Amino acid sequence: MSQQKEWPLWEVFIRSKQGLDHKHVGSLHAADAEMAIQNARDVYTRRMEGVSIWVVESKHVHASNPDEAAAFFDPANDKVYRHPTFYEVPAEIKNM
Amino acid sequence: METIIEKSLEEAFEEKIANEIRIEPKDWMPEQYRKTLVRQISQHAHSEIVGMLPEGNWITRAPSLKRKAILLSKVQDEAGHGLYLYSAAETLGTSRDQMVADLHSGKAKYSSIFNYPTLSWADIGAIGWLVDGAAIMNQVPLIRTSYGPYARAMVRVCKEESFHQRQGFEIMMTLCNGAPAQKKMAQEAFNRWWWPTLMMFGPKDAESPNTEQSMRWKIKRFTNDELRQRFVDMMVPQAEFLGLTVPDKDLRWNEAKNGYDFGEVDWEEFWNVVKGNGPCNKDRISTRVKAHEEGAWVREAALAHAQKRAEREAVNQA
């Protein structure tokens, strides 16, 4: 018999309608994936908030470190030329 | 060196708070901020869970199938709200088991309002209208609370809560437009719930030890007294519409402050109920403990089943 008493924690992602991404909505406890999906339906979609559910056991989520966010995202910080507004387009030029 | 790092972390935290940038689970935060949130969010979750009990006992006695379906739905929502909040609290490093244990041992509190009994069907109307009305007043500002997961949980809760208040008001309106005996039921329920509802906003500002720090950290956005005043100003006209009399002889409109003056809450009763001596404290907790203990075998069986299936799958794949 397992020593573990608490059901594992799952992160829940919901697609609110066809054509949109699954979005993180919260978490819940369940014994296995099947139960996690059923519980997610009852906890997070009581008012038609979803047409599809993903669940991932929380321990499998790896995240970037917020304390290093400044350095980590720094490479994108000084590259304004990646945005179209960086470039000058003469007024005569249409449709660009 | 340690203290220099600590100080810059604290400064970064304070800067985020000042600039209305939400704090997220993995961000550094002062230990006291974390503790305050765990206490507040878990108590909020417990309130949702214990809050199912006074209404739950009326599901089988609802006066019509429609009312029964609505009440069932509402109680199910409260369970959902409890779960959103427990999972928000868990992002701070506490566990579900720990929170449940603290509720059952009496270490953690829940809203005292649920320690009052529901004597008639009109109490279900009064709870929806008054208690959920007060809850909304407390909860709407929490959508802007500084801790991200708590704020996001509150968005969901508030969206669902407004049906709760309306169904309660509708029950009251039906009774008030009914026979004299029904009107009397509504008035009696109103009399029972008015003062305990005003207590839901907590002790007076001068006697609320946590308010000041919570306001500084933007966990709370308004003080207890501010919210209580707003609630009274909002509810009195609604009571008048229903033809109900507010059970407060000191209630009168104050033109100068553009709000109502109202009588003093019975603080002795308030502290008594907080300390565990309300009409239903023991009953509520023993009901929770019983349900938890009697459900233990289900939780264990589900885990054992999941484990067995995982093992079988591993063998099949080998």
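A few points on the structure. As the structure is a prediction and not an experimental result, all values here were calculated from the model.

## A short note on the overall build of chain A
(1) Moving on: Within chain A, the regular secondary structure consists of 2 helices and 3 strands.
(2) Moving on: In terms of C-alpha radius of gyration, chain A reaches 22 Å, well past the compact-globule figure of 12 Å for 96 residues.
(3) Moving on: Dimensions of chain A, computed from C-alpha atoms along their principal axes, come out at roughly 75 × 35 × 15 Å.
(4) Moving on: Across the 96 residues of chain A, 26% fall into the buried class.
(5) Moving on: Restricting to contacts in chain A with at least 6 residues of sequence separation, those with at least 24 account for 41%.
(6) Moving on: Accessible surface, chain A: about 7,300 Å² in total, of which carbon and sulfur atoms supply 55%.

## Considerations on the pattern of salt bridges
(1) Moving on: Taken as a whole, this structure holds 30 salt bridges over all chains when the rule is applied.
(2) Moving on: Of the charged contacts in the structure, one is a salt bridge between K218 of chain B and E20 of chain B, with a shortest N-O distance of 3.0 Å. Placement of K218 of chain B in the loop between α9 (211–216) and α10 (224–242) and of E20 of chain B in the loop between α1 (2–18) and α2 (31–50) is noted, with a sequence separation of 198 residues between them.
(3) Moving on: When its relative accessible area of 38% is taken as the criterion, E20 of chain B is described as partly exposed.
(4) Moving on: Here D123 of chain B and R192 of chain B are joined by a salt bridge, their closest N and O atoms 3.2 Å apart. Note that D123 of chain B is positioned in helix α6 (residues 121–139) and R192 of chain B in helix α8 (residues 180–199), a separation of 69 residues in sequence.
(5) Moving on: According to the relative accessible area criterion, D123 of chain B is buried, its value standing at 0%.
(6) Moving on: Among the ionic contacts, a cluster of salt bridges with common partners joins R46 and R47 of chain A together with D77 and E160 of chain B.

## Structural notes on the sheet that holds strand β2 (residues 22–29) of chain A
Residues and elements named next belong to chain A.
(1) Moving on: Here 3 strands make up an open sheet; going across it, the order is β2-β1-β3 and the pairing antiparallel. For this open sheet the edge positions go to β2 and β3 (52–57), each flanked by a neighbour on one side alone. Going across the sheet, the axis of each strand differs from the next one's by a mean of 25°, ignoring polarity.
(2) Moving on: The pairing of strand β1 (residues 9–15) with β3 spans 6 bridges and is antiparallel.

## Examining the interface of chain A and chain B
(1) Moving on: Facing 23 residues of chain A, the contacting portion of chain B comprises 26 residues.
(2) Moving on: By the criterion of area lost to chain B, the three top residues of chain A are E6, R46 and R47 of chain A, representing 25% of everything that side buries.
(3) Moving on: When the shortest N-O distance is used, the salt bridge between R309 of chain B and D32 of chain A registers 3.5 Å.
(4) Moving on: The interface formed by chain A and chain B holds 13 residue pairs in polar contact (both at pLDDT 80 or more) in total.
(5) Moving on: For the side of chain A that touches chain B, the secondary structure elements donating two or more residues are β2 and α1 (33–44) of chain A.

## Quick look at the packing of aromatic side chains
Residue and element names in this part refer to chain B.
(1) Moving on: Scanning all chains against the criterion turns up 18 aromatic pairs over all chains.
(2) Moving on: An angle of 80° between the planes, with centres 5.0 Å apart, marks the rings of W253 and Y260 as edge-to-face.
(3) Moving on: A connected cluster of aromatic rings, assembled from ring pairs, spans W129, F169, F190, W194, F201, F231 and F241.
(4) Moving on: Taking NZ or CZ as reference, R61 lies 3.9 Å from the ring centre of W58, over its face.
(5) Moving on: R156 extends its terminal NZ or CZ atom over the ring of Y84, reaching a point 5.6 Å from the ring centre.

## A closer look at helix α13 (residues 296–317) of chain B
Spacing of three or four residues puts side chains on the same side of an α-helix, whose turn is 3.6 residues.
(1) Moving on: With 22 residues, α13 of chain B extends 32 Å from end C-alpha to end C-alpha; this agrees with the ideal 32 Å at 1.5 Å per step.
(2) Moving on: Within α13 of chain B, burial applies to A302, L303 and A306 of chain B. Buried residues of α13 of chain B, seen end-on, are gathered within an arc of 95° and therefore sit on one face of the element. Of the exposed residues in α13 of chain B, the ones pointing more than 90 degrees away from its buried face are W297, V315 and N316 of chain B.
(3) Moving on: Of the surrounding secondary structure, the elements contacted by the buried residues of α13 of chain B are α1 of chain A.

## With respect to a nonpolar patch on the surface
Residue and element names in this part refer to chain A.
(1) Moving on: On the surface, V80, Y81, F86 and Y87 cluster together to form a nonpolar patch covering roughly 420 Å² of accessible area.
(2) Moving on: Relative to the helices and strands, Y87 is located in the segment after α2 (69–72).
(3) Moving on: Take Y87: its relative accessible area is 46%, and that puts it in the partly exposed class.

What counts, and where the lines are drawn
- Residues numbered from 1 in each chain as written.
- Chains lettered and ligands numbered in written order.
- Predicted model: local features only at pLDDT ≥ 70, side-chain atom pairs only at ≥ 80, totals over all residues.
- Heavy atoms only, no water.
- Helix = DSSP H or I, 4+ residues; strand = E, 2+ residues; numbered from the N terminus.
- Rg over C-alpha atoms; globule rule 2.2 N^0.38 Å.
- Buried < 20%, exposed > 50% of the residue type's maximum accessible area, 1.4 Å probe, protein only.
- Contact = heavy atoms within 4.5 Å.
- Areas by Shrake-Rupley, 256 points an atom, 1.4 Å probe, with all protein chains shown as cover.
- Salt bridge = Lys/Arg side-chain N within 4 Å of Asp/Glu carboxyl O.
- Pairing = 2+ DSSP bridges.
- Axes fitted to C-alpha atoms, helices over the stretch in contact; angles between N-to-C directions.
- Buried area = accessible area lost by both parts, 1.4 Å probe.
- Polar contact = N/O pair within 3.5 Å; in protein donor to acceptor, adjacent residues only side chain to side chain.
- Phe/Tyr/Trp six-rings, centres within 6.5 Å; stacked < 30°, edge-to-face > 60°.
- Lys NZ or Arg CZ within 6 Å of the ring centre and 35° of its normal.
- Expected span 1.5 Å × (residues − 1).
- Arc of directions from axis to C-beta.
- Patch = residues over 30% accessible without salt bridge, like charges linked within 9 Å, V, L, I, M, F, W, Y side chains within 5 Å.

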